Amino acid sequence: MTSTATTRVLTGITTSGTPHLGNYVGAIRPAIAASREAGQQSYYFLADYHALIKCQQPELVHQSTLEVAATWLAFGLDTDRALFYRQSDVPEIPELTWYLTCMAAKGLMNRSHAYKAAVQENTDNGADPDFGVTMGLFSYPVLMAADILIFNAHKVPVGRDQIQHVEMARDIAQRFNHHYGEHFTLPEAVVDDQVAVLQGLDGRKMSKSYGNTIPLFEDEKKLRKKINKIKTNLLEPGEPKDPDDSALFQIWQAFASPEQCAQMRAAYAEGIGWGEAKKQLFELVNSQLAAPRERYNALIANPAEIEVVLQKGAQRARTEAAPLLAKLRTAVGIRPLG
Ligand code: TRP
């Protein structure tokens, strides 16, 4: 049992791609830092059921699960402290998903951004509004609610695009509590404005959906190549440049110390050439990724070792999830006869 003073913080990463700099700076790095704080119990998991919504290529889902797991471990997540597990290893989650599905208003799901975006795209293309829309996509917020509510998480650190889903989890929890009794803590989304949302190679948000990412753990040569591809303007060396209008500087900021940031600002004002700025960015990022990259490669070569860590995490997770689920079953009227 966690003490009442403990704040339970939960977040998941969908295993449908290769982890990139944006995932690290925006989610993994702050989550690992927070997991070391006293008074916090972290629940960090691989959302592989969520991956099936977007990605129906089995090998890709499997490989991504390995890569995302190895990434957390390579950056030193302490899995004796944090609960680190794979969603699909906790059968209490899909069971709770069904109980919540029966409490979730369809009208609420109709308003989900992810679903609405798909319908809008179909409408724009003159297609049937539900073309290509699966029930997985439609009811994805219910699965996410189960992820959160099964551990009665207090705080859910997410990107802005996910706030709505956490609010839906609250709504569903409230409705369940109202109908079946107070079982769920109402979770809160936490969006940290200090955490950078990195731009990708093309200047849009770095995201696997845009294909503009810089993967975290490719070898040095490829990292250098990717950094060289970051979009810049046509200003020549010697011409002053605006750091606040530069994806390159934004990534620099996410890795640099305050002194290094000030130095680079000055260099921009003095007209540092883009080639030189890219070279320095590569060196900075690479110096911070070199050691984790070595650990990552060793982990990837040893998937069985990662599996042991995940199984241990799943056991701990289930020890917490099972008693709550047992109460919920009884609450909804599913229990042995006699
Ligand atoms: N849907 C989230 C994303 O795409 C990932 C996720 C799944 C999640 N379940 C969660 C995040 C529960 C926080 C809590 O980013």
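Note that the structure is a prediction, hence the values are computed from the model and not measured.

Asker: Is there a simple way to think about the packing of aromatic side chains in this case?
Answerer: What characterises a pair of aromatic rings is the spacing of the ring centres plus the angle enclosed by the ring planes. Taken as a whole and assessed by the stated rule, the structure comprises 14 aromatic pairs. Measuring from ring centre to ring centre gives 4.7 Å for tyrosine 115 and phenylalanine 138, while their planes differ by 75°; the resulting arrangement is edge-to-face. In this pair, tyrosine 115 sits in helix α6 (residues 113-124) while phenylalanine 138 sits in helix α7 (residues 135-138), placing the two residues 23 residues apart along the sequence. In this structure, tyrosine 115 and phenylalanine 138 share a single accessibility class: buried. Chaining the aromatic ring pairs together yields one cluster made of Tyr24, Phe75, Phe217, Phe255 and Tyr296. Geometry around phenylalanine 255 places arginine 29 over its ring, the cationic atom sitting 5.6 Å from the centre. Positioned over the ring face of tyrosine 210 is arginine 204, at 4.1 Å from the centre of the ring.

Asker: In this structure, what is going on with the nonpolar core? I would like to understand it.
Answerer: Nonpolar side chains in soluble globular proteins tend to be buried together. Ranked by internal contacts, the top residues of the largest apolar core, which has 54 residues, are Leu21, Trp72, Phe84, Ile214, Ile230 and Phe255. Those elements giving two or more residues to this core turn out to be α1 (21-35), β2 (40-47), α3 (58-74), α10 (220-228), α11 (247-255), α12 (258-269), α13 (274-300) and α14 (303-332). Looking at this core, the element that brings in the most residues is α13, giving nine residues. Two domains each donate at least three residues to this core, and these are domain 1 (7-104 + 139-196 + 303-332) and domain 2 (217-298). Ignoring any residue separated from it by four or fewer positions in sequence, one finds isoleucine 230 in contact with Leu201, Ile214, Ala247, Leu248, Ile251, Lys278 and Leu281. Among the nonpolar cores identified, the runner-up in size contains 46 residues, and Tyr99, Leu100, Met168 and Ala173 belong to it.

Asker: Sorry, what's going on with the site of the ligand here?
Answerer: What surrounds the ligand is a group of 14 residues, the closest being Thr14, His50, Tyr140, Asp147 and Gln162. A distance of 3.4 Å separates a nitrogen atom of the ligand from a polar side-chain atom of histidine 50. Burial of the ligand by the protein chains amounts to 89% of its free accessible area of 360 Å². Counting residues per element, the ones that place at least two in the shell around the ligand are β1 (7-14), β2 and α8 (140-149). Among the residues forming the shell around the ligand, the class breakdown is eight nonpolar, five polar and one charged.

Asker: Looking at this model, I keep getting lost on α3. Mind explaining?
Answerer: An ideal rise of 1.5 Å per residue puts 24 Å on 17 residues; α3 measures up with 24 Å between its terminal C-alpha atoms. In terms of residue burial, α3 counts as a mostly covered element, since twelve of its 17 residues are buried. Of all the residues in α3, the buried ones are Val61, Ser64, Thr65, Leu66, Glu67, Val68, Ala69, Ala70, Thr71, Trp72, Leu73 and Ala74. Where α3 ends, the next residue or the one after it, glycine 76, has phi of about 90°, a positive value.

Asker: Honestly, the pairing of β1 in this entry has me stumped. Any pointers?
Answerer: Each regular strand carries side chains that alternate between the two faces of the sheet. In terms of burial, β1 is largely enclosed, as six of its eight residues are buried. Judged from the eight bridges that link them, β1 and β2 form a sheet pairing that is parallel. Among the inter-strand pairings, isoleucine 13 is bridged to a residue of β2, identified as leucine 46.

Asker: Would you take a moment to explain the pairing of strand β3 (residues 83-86) for this structure?
Answerer: Side-chain alternation along β3 places Leu83 and Tyr85 on one buried face and Phe84 and Arg86 on a second face that is also buried. Here β2 pairs with β3 via four bridges, running parallel. Residue pairing for β3: leucine 46 is matched across the bridge by arginine 86.

Asker: It is not clear to me how the environment of asparagine 23 should be interpreted in this structure. Could you clarify?
Answerer: Within the secondary structure, asparagine 23 sits in helix α1. Setting aside anything within four residues of it in sequence, one finds asparagine 23 in contact with Thr18 and Ile28.

Asker: What's the story with the domain arrangement of the chain in this structure? I'm lost.
Answerer: Looking at the chain, the domain boundaries give domain 1 (7-104 + 139-196 + 303-332) and domain 2 (217-298). Put simply, the middle of domain 1 and the middle of domain 2, counted by C-alpha atoms, are 33 Å apart. For the pair domain 1 and domain 2, the summed buried surface comes to about 870 Å²; carbon and sulfur atoms form 71% of the total. Three residues stand out in domain 1 for area buried against domain 2, namely Leu21, Ala74 and Phe75, and they jointly supply 52% of the buried area on that side.

Reading guide: rules and limits
Residues numbered from 1 in each chain as written. Predicted model: local features only at pLDDT ≥ 70, side-chain atom pairs only at ≥ 80, totals over all residues. Heavy atoms only, no water. Phe/Tyr/Trp six-rings, centres within 6.5 Å; stacked < 30°, edge-to-face > 60°. Helix = DSSP H or I, 4+ residues; strand = E, 2+ residues; numbered from the N terminus. Buried < 20%, exposed > 50% of the residue type's maximum accessible area, 1.4 Å probe, protein only. Lys NZ or Arg CZ within 6 Å of the ring centre and 35° of its normal. Core = buried A, V, L, I, M, F, W, Y, C linked by side-chain atoms within 4.5 Å. Domains from an automatic or database assignment. Contact = heavy atoms within 4.5 Å. Near = heavy atom within 4 Å. Polar contact = N/O pair within 3.5 Å; in protein donor to acceptor, adjacent residues only side chain to side chain. Areas by Shrake-Rupley, 256 points an atom, 1.4 Å probe, with all protein chains shown as cover. Nonpolar A, V, L, I, M, F, W, Y, C, P; charged D, E, K, R; others polar. Expected span 1.5 Å × (residues − 1). Pairing = 2+ DSSP bridges. Buried area = accessible area lost by both parts, 1.4 Å probe.

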